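Spelled out, the chains give:
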Amino acid sequence: MCLRCGEIGMCMHFCHLCPGLERSCTKRKMQRWTASLPTLKAILKDARRLMYPCYRYGLLINHIHKKSILCEALQHNLPPFTPPPHTEDSVYPMPRVIFRMFDYTDDPEGPVMPGSHSVERFVIEENLHCIIKSHWKERKTCAAQLVSYPGKNKIPLNYHIVEVIFAELFQLPAPPHIDVMYTTLLIELCKLQPGSLPQVLAQATEMLYMRLDTMNTTCVDRFINWFSHHLSNFQFRWSWEDWSDCLSQDPESPKPKFVREVLEKCMRLSYHQRILDIVPPTFSALCPANPTCIYKYGDESSNSLPGHSVALCLAVAFKSKATNDEIFSILKDVPNPNQDDDDDEGFSFNPLKIEVFVQTLLHLAAKSFSHSFSALAKFHEVFKTLAESDEGKLHVLRVMFEVWRNHPQMIAVLVDKMIRTQIVDCAAVANWIFSSELSRDFTRLFVWEILHSTIRKMNKHVLKIQKELEEAKEKLARQHKRRSDDDDRSSDRKDGALEEQIERLQEKVESAQSEQKNLFLVIFQRFIMILTEHLVRCETDGTSVLTPWYKNCIERLQQIFLQHHQIIQQYMVTLENLLFTAELDPHILAVFQQFCALQA
C-alpha cells in the first residue's frame with residue numbers, strides 16, 4: 001500500500017499549514033553545537049525535492065522503470081493501522097538532531113560529498129549506522145564492513161565514516177554503544193586505511209577543536225576521553241604547535257581547558273614525565289601537576305601545626321601495625337577546636353582528629369591504589385566512627401582532597417571506595433563537590449565524573465533492592481498458587497517468614513528512594529544557589545552573565561537532567577514544588593522547562 005502523488009501533495013500542503021510542529025526549544029537541548037536548527041520550511045523544501053531523487057550514487061533503487069512489472073504483480077491489502085492513544089505512562093523517544101561535520105569543500109580532490117540535506121547523504125549515513133549497529137561488538141569485522149561499503153568509489157567514504165562515528169559518539173543524552181567502542185573502531189579503521197583515514201581523522205579533530213566554543217559540554221567530555229585514548233595508541237604524537245592559540249586565551253575558556261584535560265587524561269594512560277616530553281615547553285602551564293601526595297605534617301615547618309605530635313605517633317603506630325583500639329587511644333588526646341573544655345562528647349565531630357588521622361594514613365598508603373584500599377579496609381572502623389556525622393563525612397572528603405589535590409584519578413577512586421564501604425554517603429559527596437574548597441576545580445572534568453558515578457551508584461542501589469522485593473513477591477505468589485493446588489498447612493509458616501522479609505524489603509526500598517530523592521534535591525539546590533549567586537553578582541557589577549564558567553555550569557545542570565532523566569522523571573512534582581518554582585531566575589528555570597518539554 002503506497003501514497004499516490006496527489007496524497008503526498010495533500011500531506012505537504014498540510015505541513016505548510018502547521019508550522020507549529022517544530023520542537024526547536026526541545027531539540028536545542030539535544031544539540032551538539034550552539035547554533036540554529038533547520039526550520040520546518042527547510043525540511044519541507046527537502047521533502048519536495050526528495051519526491052524526485054536523482055539516484056546518481058546508485059544507492060537507491062528506482063522503481064519507476066519497473067512500474068509495468070509492479071502493476072501486474074500480486075497486490076497486498078494492508079489492514080488500517082490505528083496508533084494507540086496517549087496515556088500518562090506513555091514513553092516517547094528522545095528527539096534526534098542530525099550531526100554534520102563535513103561538506104563538499106573539505107575533500108576537494110576526491111569524489112564530491114553529497115549535500116548536507118540531500119537524500120543520498122541520509123541514505124549513506126543510515127547504512128553506515130546499520131553496519132555499526134550490527135557489528136559493534138566485533139571491531140575488526142565492523143571496520144572491514146565499513147570500508148567495504150558498496151559504491152565507495154563514488155563517494156568520499158572515509159569522510160562519511162568518520163562523521164557517522166562522531167555522530168554516534170556525541171549523541172545526546174547517551175551514545176548508542178559504550179564510548180570505548182568508538183575509540184577502538186577508529187583505531188582499527190586507521191590500521192585498515194593507513195594512507196587515508198588518519199588524515200581525515202586529524203582533519204575532523206582539528207575541526208572539532210575549532211568549534212569548542214560552541215560545543216556542548218557533554219560532547220566536550222567525550223571528545224576529551226576519545227582523543228586522549230586515541231593518542232595513547234599512537235605514541236601521543238600530535239602537532240601541538242597548531243593549537244598554540246589556546247595559550248593566549250583565558251584559562252577557563254574552552255580551548256585551554258580542553259588541552260589541559262586531554263593532557264591530564266593522557267597522564268593517566270602514561271606517566272607525568274612522558275606528558276612533559278610530548279608537548280612543547282610553551283604548553284607547560286597546561287600540563288598536569290606531578291601527581292604526588294601532599295602531606296602537611298611532613299616537613300620541618302609543620303612542627304608548629306596543631307596535631308603534629310599526634311601525627312608522628314600515628315605514623316609510628318601505623319608502621320607497627322597497630323589495631324583500631326590503639327589508634328583510638330592515640331586520637332583520644334587530640335583537642336577539639338569546636339568543643340568547649342568542659343564539654344566531653346567522646347568521638348563527636350572533631351575536624352582536627354579527622355585531619356591528623358586521614359592525612360597520616362593516606363600519606364603512608366600513597367604508594368599505590370591497592371595500598372590505599374587496604375588502609376581504608378583495615379581502619380574502616382576508625383573511619384566510620386570519626387565520620388559518624390554529616391560534618392564528619394564532609395571533612396573526611398575535604399582532607400582526602402587536600403592530600404591528593406594533584407592526583408585527580410586517586411581522588412576519584414578513593415571517593416568511589418569510600419561510598420562502597422559506606423564511610424561517606426552520596427549526599428555528602430554532592431555537598432563536597434559544591435563546597436567552597438572545590439570552587440577552583442569546579443569546572444574540571446574529574447569532578448563531574450565523580451558526581452555522575454555517585455548518582456549511578458545510588459540508582460543501582462535502589463534498583464537492586466527493588467529487584468529483591470519483586471523476587472520476594474513473586475516467590476510468595478508461587479507459594480500461594482502451590483497451596484491452592486495442594487493443601488499444605490506447613491506453607492503457612494513459610495508464608496509468614498516471606499511476608500516479614502517483604503515488609504523489611506519494602507522499608508529498605510522506601511528508605512533508598514528517599515535517599516535518592518534527597519540526593520537529587522541536594523544537587524539541584526546547590527546548582528540553583530551557585531547560579532543565583534553568579535547572576536546576582538553579574539547584575540550588581542554590571543558585567544555579562546555569559547562567562548565560560550556560567551556556560552559550563554548551566555550545561556552541567558542540563559547534563560544531570562539528560563543523563564539521569566528516567567530517574568529524575570519520578571521526582572518531577574517534588575522538584576517543581578520545592579526548587580524550580582515560578583520565582584526562580586528565568587535563566588535557571590529555562591533548563592527545567594526544556595527538560596519537561598522533552599518528556600511532554
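Taking an unreviewed UniProt entry as the reference, the chain is identified by name as Nuclear cap-binding protein subunit 1 isoform X4 belonging to Sapajus apella. Taken directly from UniProt, the Subcellular location (unreviewed entry) text for the chain runs: "Nucleus". Among the UniProt annotations of the chain, the heading Sequence similarities (unreviewed entry) holds the following wording: "Belongs to the NCBP1 family."

(A) Looking closely at unusual backbone geometry. Here L172 and P173 are connected by a cis peptide whose omega angle stands at 5°. Following the sequence through the fold, P173 ends up in the loop between α7 (157–169) and α8 (179–192). The phi dihedral of K321 is positive, around 60°, even though this residue is not glycine. Here K321 lies in the loop between α13 (308–319) and α14 (324–331).

(B) Layout of α13. Taking 1.5 Å as the rise per residue, α13 with twelve residues should run 16 Å; its terminal C-alpha atoms sit 17 Å apart, in good agreement. All of the buried residues in α13 are H308, V310, A311, L314, A315, A317 and F318. Where α13 is buried, its residues contact α14 and α15 (351–364). Count one or two residues on from α13 and you reach K321, which has phi positive near 60°.

(C) Expanded view of the pattern of salt bridges. If you walk through the whole model with that rule in mind, you get 18 salt bridges. Between R100 and E125 there is a salt bridge whose closest N-O contact spans 2.5 Å. Remark: E125 occurs in helix α5 (residues 119–135) and R100 occurs in the loop between α4 (67–72) and α5; sequence separation between them is 25 residues. The two residues R100 and E125 agree in class, both being buried. A salt bridge links D441 to R444, with the shortest nitrogen-to-oxygen separation between them at 3.3 Å.

(D) Focus on the environment of D221. Here D221 shows up in helix α10 (residues 217–232). Overall, the relative accessible area of 9% leaves D221 in the buried class.

(E) Examining helix α9 (residues 197–210) more closely. For α9, built from 14 residues, the straight-helix expectation of 20 Å at 1.5 Å per residue is met to within 8% by its first-to-last C-alpha distance of 20 Å. All buried positions along α9 are accounted for by L197, V200, L201, A204, T205, M207, L208 and Y209. For α9, the elements touching its buried residues are α7, α8, α10 and α11 (254–268).

(F) Examining the packing of α8 against α10 more closely. At their nearest, the axes of α8 and α10 sit 10 Å apart, and the two run at 40° to each other. In terms of orientation, α8 and α10 fall into the oblique class. The two elements α8 and α10 cross, and the hand of that crossing is right-handed. Contacts between α8 and α10 pair D179, V180, T183, L186, I187 and C190 from the former with R222, W226, H229 and H230 from the latter. Taken together, the residues that form the contact of α8 with α10 break down as five nonpolar, three polar and two charged.

(G) Inspection of the environment of A377 at higher detail. One can find A377 in helix α16 (residues 369–378). A377 sits 44 residues away from T421 along the chain, and the two C-alpha atoms are 8.1 Å apart.

How each quantity is defined
Residues numbered from 1 in each chain as written. Predicted model: local features only at pLDDT ≥ 70, side-chain atom pairs only at ≥ 80, totals over all residues. Heavy atoms only, no water. UniProt positions renumbered as here; feature names shortened; annotations may be inferred. Helix = DSSP H or I, 4+ residues; strand = E, 2+ residues; numbered from the N terminus. Expected span 1.5 Å × (residues − 1). Buried < 20%, exposed > 50% of the residue type's maximum accessible area, 1.4 Å probe, protein only. Contact = heavy atoms within 4.5 Å. Salt bridge = Lys/Arg side-chain N within 4 Å of Asp/Glu carboxyl O. Axes fitted to C-alpha atoms, helices over the stretch in contact; angles between N-to-C directions. Parallel < 35°, antiparallel > 145°, perpendicular 65-115°, else oblique. Left-handed = near helix turned anticlockwise from the far one by under 90°. Nonpolar A, V, L, I, M, F, W, Y, C, P; charged D, E, K, R; others polar.

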